[in-house]
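# Structural overview
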Amino acid sequence: MYIIFGMERKCVKLFGFDIDSFNFEEAIDYALELINTKKGGQVITINPEMIENALVNKTFADVLNQAELVVPDGIGIKIGLKIKGENVDRIAGVEFAHELLNRCSQNKIPVAFVGARPHVVLSAVKNLKAKFDNLKIVYYQNGYFSDEQRVLKELRQKSPKLVLVALGSPKQENFIKQARELLPASLFIGVGGSFDVWSGEVQRAPKIYQNLGLEWLYRTVKEPKRFKRIFPTIPRFLLNVIKKEVFKIS
Ligand code: UDP
């Protein structure tokens with residue numbers, strides 16, 4: 001059991017991994033507590049692909065097990081847990097990170113952005129500054145750098161309390177692993193394609209798709225190159241949940 005300032009993690013298990021069952025507001029409060037108490041750490045917005053990776057990759061499994069907060073981002077996670085009889089709210093990573101930025105701007109908490117193509121991170125930063133008046137962006141860097149040590153050093157010098165890393169998975173988790181050691185009191189989140197959304201480069205699915213849990217389908221149709229990667233994952237993942245978690249067949 002982990003308790004911070006009276007907030008207790010309420011985890012459920014999927015393939016042996018802890019997943020938090022906080023609702024959206026609770027998850028935001030918990031993340032802010034991690035920042036305010038200087039406990040820092042890592043938030044993972046988990047999807048089926050990441051669980052599949054953790055099942056075959058011990059280093060990635062360790063990252064998952066050591067995360068301070070694991071929110072169910074992918075709809076496959078919500079359905080997988082439902083099959084096991086657990087009800088959790090889906091928390092879209094892009095919305096979670098956006099609200100966290102809102103709260104950081106209200107509380108003058110310094111933030112940093114690492115990732116995405118140069119013009120994308122630039123537009124995302126510009127749009128977010130326009131949206132959140134007091135957002136204190138102390139550092140931003142696109143995700144196509146060759147000298148990782150330089151980026152890590154610059155991050156440490158700027159001392160952000162929240163760092164959003166958009167390099168895709170598992171690249172972002174590998175980067176965060178190193179950055180955490182340099183900034184142990186800061187909070188890190190891997191946010192995948194969120195900068196693309198905030199820059200206006202990529203549109204999220206219309207609300208109806210989001211509410212039906214079909215945002216992944218909309219995105220794979222819009223970006224066919226994702227089809228091969230995303231489409232078979234959810235049915236395969238859910239079949240595995242039934243096999244291993246319900247019927248306990250290994
Ligand atoms: N990205 C990056 N550096 C890389 C590879 C990817 O900055 O070396 C960025 C990419 O530009 C995009 C983000 O990572 O903004 C997420 O990519 P993707 O949509 O593949 O990730 P997902 O959200 O599916 O995990």
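A brief report on the enclosed structure follows.

Parameters at a glance
Numbers given to residues run from 1 along each chain, matching the order in which its sequence is written. In view of the model being predicted, local features appear only for residues whose pLDDT reaches at least 70, and side-chain atom pairs are presented and counted only at 80 or more, with totals across whole chains, interfaces and linings using the full set of residues. Note that water and hydrogens are dropped before the side-chain values are worked out from all heavy atoms of the structure. Numbering of helices and strands runs from the N terminus, with a helix taken as a DSSP run of H or I at least four residues long and a strand as a DSSP run of E at least two residues long. Following DSSP output, two strands are said to pair if at least two bridges run between them. Angular values range over 0 to 180 degrees, each being the angle between N-to-C directions of two axes fitted as lines to C-alpha atoms, with helices fitted over their stretch in contact. In what follows, residue pairs with any heavy atoms lying within 4.5 Å of each other are defined as contacts. Reported orientations rely on four angle classes, namely roughly parallel under 35 degrees, roughly antiparallel over 145, roughly perpendicular from 65 to 115, and oblique for the rest. Note on convention: near helix rotated counterclockwise from far helix by under a right angle means a left-handed crossing. Clockwise means right-handed. For this classification, Asp, Glu, Lys and Arg are treated as charged, while Ala, Val, Leu, Ile, Met, Phe, Trp, Tyr, Cys and Pro are nonpolar and the rest, including Gly, are polar. Accessible area is worked out with a 1.4 Å probe on protein chains only. A residue is then buried under 20% of its type maximum, exposed over 50%, and partly exposed in between. Proximity is defined per residue: if any heavy atom of the residue lies within 4 Å of a molecule or strand, that residue is considered near it. Under this definition, polar contacts are N or O atom pairs within 3.5 Å; protein pairs additionally need one hydrogen-donor-capable and one acceptor-capable atom, and for neighbouring residues in sequence, both atoms have to be side-chain atoms. Here the Shrake-Rupley method, with its probe set to 1.4 Å, supplies the accessible areas, and only the displayed protein chains count as covering residues.

To continue, consider unusual backbone geometry. Here the bond from Ser169 into Pro170 is cis, since omega is 10°, no more than 30 degrees from zero. By the secondary structure assignment, Pro170 is in the loop between β9 (162-166) and α8 (171-182). In this structure, Ala116 is a non-glycine residue whose phi angle is positive, near 75°. Summarising the element assignment, Ala116 is placed in the loop between β7 (111-115) and α6 (118-131).

Spatially, 6 strands are ordered β6-β5-β10-β9-β7-β8 in an open sheet, and the strand pairing comes out parallel. The outermost strands of the open sheet, each flanked by one partner alone, are β6 (69-72) and β8 (137-141). Strand-to-strand twist in this sheet, taken as the mean axis angle between neighbours without regard to direction, amounts to 15°. Relative to β8, β7 runs parallel, the two being bridged by 4 bridges. By the bridge assignment for β8, Val111 is matched with Ile137. Where helix α7 (residues 148-158) meets the sheet, it contacts β7, β8 and β9, and its direction lies at approximately 175° from that of β8.

Next up on the list: the side chain of Thr233. The topology assignment puts Thr233 in helix α13 (residues 233-246). Sequence-distant contacts of Thr233, that is, excluding residues within four places in its chain, are made with Pro48, Glu49 and Glu52.

α8 packs onto α7 with a crossing angle of 40° between their chain directions and a minimal axis gap of 10 Å. The orientation of α7 relative to α8 falls into the category oblique. As α7 runs across α8, the sense of the crossing is right-handed. Here Glu148, Gln149, Val151, Leu152, Leu155 and Arg156 of α7 lie close against α8, whose contacting residues are Phe175, Gln178, Ala179 and Leu182. Grouping the constituent residues of the contact of α7 with α8 by class yields 6 nonpolar, 2 polar and 2 charged.

Here we come to the pairing of strand β10 (residues 187-190). Judged by which residues are buried, β10 turns out to be covered on both faces: Leu187 and Ile189 on one side and Phe188 and Gly190 on the other are all buried. Inspection of the sheet shows strand β5 (residues 41-46) paired to β10 by 3 bridges, in the parallel sense. When the bridges of β10 are listed, Gln42 appears paired with Phe188. Across 4 bridges, β9 lies against β10 in parallel orientation.

Here we take up the packing of helix α2 (residues 48-56) against helix α3 (residues 58-66). Contact geometry of α2 with α3 gives a least axis separation of 6 Å together with a crossing angle of 120°. In terms of their interaxial angle, α2 and α3 are classed as oblique. Here the hand of the crossing between α2 and α3 comes out left-handed. Each of Met50, Asn53, Ala54 and Val56 in α2 lies in contact with α3, whose residues at this interface are Lys58, Phe60, Ala61 and Leu64.

Attention now moves to the site of the ligand. Around the ligand sit 15 residues, and of these Ala116, Tyr144, Lys171, Asp196 and Arg229 come closest. At a separation of 2.6 Å, an oxygen atom of the ligand approaches a polar side-chain atom of Lys171. Gly193 has a polar backbone atom sitting 3.0 Å from an oxygen atom of the ligand. Burial of the ligand by the protein amounts to 77% of the accessible area it has alone, namely 550 Å².

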